[in-house]
Each structure stands twice: as C-alpha cells, then as structure tokens.
Amino acid sequence: MSPGPVPRTNLYDRVAEEASSVVIRRYSTSFGLASRLLEPKVRQHVENIYALVRLADEIVDGEASSAGLTVVDAARALNELEKETEFAMEKGYSSNLIVHAFGLTARETGFDTSLTTPFFDSMRADLKQTEHDQASFERYVYGSAEVVGLMCLRAFLDGENKTDAEREALEVGARALGAAFQKVNFLRDLAADFRELGRSYFPDVNVETFTEADKVRLLDDIDADLRTSAAVLPQLPAGSRRAVALAQSLFTELAVRLRATPADRLIATRVRVPNPVKLRLAAEAAVGRVPRA
C-alpha cells in the first residue's frame with residue numbers, strides 16, 4: 001500500500017497545499033493527468049513545485065502583462081517572489097499560500113537555492129532577452145526546466161535508499177526529460193513566441209525562414225534527450241514511475257506529431273496531442289507500461 005500524504009496538523013499548511021493543487025488542475029491537462037498517477041505524498045510535493053513555477057511564469061508571460069505591468073514592474077515582482085521563496089525555504093512560512101506550500105516541499109525533500117536561483121535567473125531572462133546563443137540557451141533551459149525536474153526528483157527519492165551512483169544517473173535523466181519538455185514547447189510555440197512575445201529561443205533559427213532541415217535538427221536533439229530520460233525510468237521508485245512514464249509518453253507523442261507536421265505548417269498552427277490519445281497513454285502508464293529508450 002502506498003504511504004499517505006504528509007500529515008498536516010496545521011490548517012494553514014493544509015490550505016496552502018490545497019491552493020497549489022488547484023493550480024495544476026486548472027492550468028495543465030497533461031501534467032495534471034500525470035500527477036494523478038503519483039503516490040499521494042509525492043503528488044502533493046509535485047503540485048507544490050508546479051504551482052510556484054506557474055506563479056513565476058504568470059509574472060513573466062501572463063497576468064502581469066495583461067494587468068498593465070511594465071517590464072520594470074514585472075522584474076520587481078519577480079525579485080520579490082524570489083525573496084519570498086527563499087524566506088519560506090529558510091523559515092518555513094510565507095504569507096503567500098503558493099510560496100508557503102513550495103517552502104514546505106523544499107524543506108521536507110531537501111533542496112535549496114542551488115535549484116531555485118537558476119530558475120529565477122531564467123525567468124528574469126525572459127524579461128530582457130529576446131534571442132539566445134548556444135551558451136545562453138543552455139543556461140535558460142537548465143534554469144527553466146532541468147532544475148524543475150531535479151526538484152521533482154528530490155520528491156520522488158525522499159525516503160528512498162539509493163546509492164550516489166543511482167542518484168546521479170536519475171539526475172541525468174531528470175535533467176534530460178526537463179530539457180525535452182522545454183524544447184518541445186519551444187518548437188510548437190515557435191511562431192507565437194516570436195510574433196506575440198518577440199522571442200526566439202533556439203540559437204541560429206530564424207522563424208521567418210524556418211525550414212524542414214531546421215525542424216529535423218531540433219527534433220533529433222529532443223529525441224536524444226527523451227532517450228536519455230527513458231533509459232533511467234525503470235530505476236525510479238514505483239510510486240512515481242508510472243507518472244513519469246506518462247509524461248515521457250505524452251511528450252514523445254507530441255514530438256512524433258511535430259515531426260509529421262511540415263515546417264511551413266508548424267509555424268502557423270499549434271500541434272497538440274488529442275485528448276483520446278492522452279487517455280490511451282494514461283491507461284497504458286497506469287498498468288505499468290514504460291516507454292523504451
């Protein structure tokens with residue numbers, strides 16, 4: 001039997017985590033679906049992590065701009081969120097419910113500012129940087145996605161008896177899966193990021209002259225990341241393996257659909273995985289099917 005959720009005797013803690021759980025259900029069909037396959041105690045930690053990431057993203061790309069905040073205003077809000085997050089991680093309290101829940105997870109699963117600092121650095125880059133070279137692209141992907149994978153891995157491995165070598169292998173896989181997720185999203189949002197936000201993430205890729213060769217090159221890199229992450233999936237604890245397998249399957253399916261979409265259509269439409277396919281992949285993951293490397 002899977003262990004239950006972390007017992008919360010404090011009403012404020014419980015309400016904070018309930019608030020975080022709402023965020024993943026309302027914002028992401030794919031991640032919300034995958035999180036349901038996590039054992040309860042791990043699921044809550046992952047929902048707490050996701051909610052903070054989404055909160056920062058809203059400052060950079062979402063509601064802050066819609067509310068009329070300038071870039072300077074958004075930068076100030078992001079800085080304040082980072083300071084509040086660090087305070088919660090150190091003291092175990094925040095007046096912001098989402099930050100409070102994240103602080104609980106960080107303290108209980110054992111990660112610190114070595115993971116949150118790169119994350120906020122990447123979020124900050126979105127406010128001032130519109131193009132990337134290879135070095136800045138790698139820094140951005142690490143901070144915006146790979147460290148999130150490492151945070152989730154801390155939750156997966158909390159209380160698990162793993163050797164240093166096993167943990168290192170799983171960290172490589174977590175980083176690769178996070179990188180693949182981010183690159184897939186960059187590719188399917190290529191035109192929107194450029195036309196609506198003025199951003200071009202991939203180095204040496206011109207959206208206005210995007211070619212089939214460009215698409216294939218980017219997808220080959222994504223597939224390499226997915227193979228790396230798939231190779232260590234069987235080493236994950238049983239309580240998290242099915243959920244990660246589903247996330248891996250969903251993004252592998254999306255990569256397949258992107259490869260089948262001509263480059264000129266890719267910059268004019270947003271490729272999605274249909275809900276019936278998501279449900280089929282979820283059913284396969286629920287019975288223990290793990291994608292092959």
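Residues numbered from 1 in each chain as written. Predicted model: local features only at pLDDT ≥ 70, side-chain atom pairs only at ≥ 80, totals over all residues. Heavy atoms only, no water.

(A) The packing of helix 7 (residues 113-125) against helix 8 (residues 134-157), seen in detail. Closest axis-to-axis distance for the helix 7/helix 8 pair is 8 Å, and the angle between their directions is 140 degrees. By the angle between their axes, helix 7 is oblique relative to helix 8. Crossing hand, helix 7 versus helix 8: left-handed. Side by side, helix 7 and helix 8 meet where Leu-115, Thr-116, Pro-118, Phe-119, Ser-122, Met-123 and Ala-125 of the first sit next to Arg-139, Tyr-140, Tyr-142, Gly-143, Ser-144, Val-147, Val-148, Leu-150 and Met-151 of the second. (Axes fitted to C-alpha atoms, helices over the stretch in contact; angles between N-to-C directions. Helix = DSSP H or I, 4+ residues; strand = E, 2+ residues; numbered from the N terminus. Parallel < 35°, antiparallel > 145°, perpendicular 65-115°, else oblique. Left-handed = near helix turned anticlockwise from the far one by under 90°. Contact = heavy atoms within 4.5 Å.)

(B) Molecular detail of the environment of Asn-161. Tracing the backbone shows Asn-161 in the loop between helix 8 and helix 9 (164-188). For the pair Asn-161 and Leu-78, spaced 83 residues apart in sequence, the C-alpha separation works out to 36 Å.

(C) Spatial organisation of the packing of aromatic side chains. Going through the model one piece at a time under the given rule, you end up with 13 aromatic pairs. Centroid distance Tyr-140 to Tyr-201: 5.2 Å. Interplanar angle 40 degrees. Geometry classified as tilted. Of this pair, Tyr-140 sits in helix 8 while Tyr-201 sits in the loop between helix 10 (190-197) and helix 11 (212-232); the two residues are 61 residues apart in sequence, bridging distant segments of the chain. When its relative accessible area of 5% is taken as the criterion, Tyr-140 is described as buried. (Phe/Tyr/Trp six-rings, centres within 6.5 Å; stacked < 30°, edge-to-face > 60°. Buried < 20%, exposed > 50% of the residue type's maximum accessible area, 1.4 Å probe, protein only.)

(D) How the structure looks around the side chain of Ser-122. The topology assignment puts Ser-122 in helix 7. For Ser-122, the contacting residues outside a window of four places in its chain are Arg-139, Tyr-140, Gly-143 and Ser-144.

(E) Main features of the environment of Thr-109. Mapped onto the elements, Thr-109 comes out in helix 6 (residues 97-109). A relative accessible area of 10% means that Thr-109 is categorised as buried. With 54 residues separating them along the chain, Thr-109 and Leu-55 place their C-alpha atoms 21 Å apart. In contact with Thr-109, other than residues within four places in its own chain, are His-45, Arg-154, Ala-155 and Asp-158.

(F) Spotlight on the nonpolar core. In terms of nonpolar packing, the biggest core is built from 85 residues, with Phe-156, Leu-187, Phe-210 and Leu-246 touching the most fellow members. Among the elements that make up this core, the one with the highest residue count is helix 8 (12 residues). Contacts of Leu-187, omitting those with residues within four sequence positions, involve Phe-202, Phe-210, Leu-218, Leu-219, Ile-222, Leu-258 and Leu-266. (Core = buried A, V, L, I, M, F, W, Y, C linked by side-chain atoms within 4.5 Å.)

(G) Quick look at unusual backbone geometry. Even without being glycine, Asp-204 reaches a positive phi, approximately 60 degrees. By secondary structure assignment, the location of Asp-204 is in the loop between helix 10 and helix 11.

(H) The environment of Ala-88, seen in detail. Secondary-structure assignment places Ala-88 in helix 5 (residues 71-91). The exposure class of Ala-88 is buried, given its relative accessible area of 1%. Counting along the chain gives 12 residues from Ala-88 to His-100, while the straight-line C-alpha distance between them is 6.0 Å. Residues within four places of Ala-88 in sequence aside, it is in contact with Tyr-93, Ser-94, Val-99, Gly-103 and Arg-107.

(I) Representation of the packing of helix 11 against helix 12 (residues 238-260). Where helix 11 meets helix 12, the closest approach of the two axes is 10 Å, and the angle between their N-to-C directions is 160 degrees. Classified by the angle their axes make, helix 11 and helix 12 are roughly antiparallel. The element helix 11 and its partner helix 12 pack so that their crossing is left-handed. Of helix 12, the residues touching helix 11 (which contributes Glu-212, Lys-215, Val-216, Leu-219, Asp-220, Ile-222, Asp-223, Leu-226, Ser-229 and Ala-230) are Gln-248, Phe-251, Thr-252, Ala-255, Leu-258 and Arg-259.

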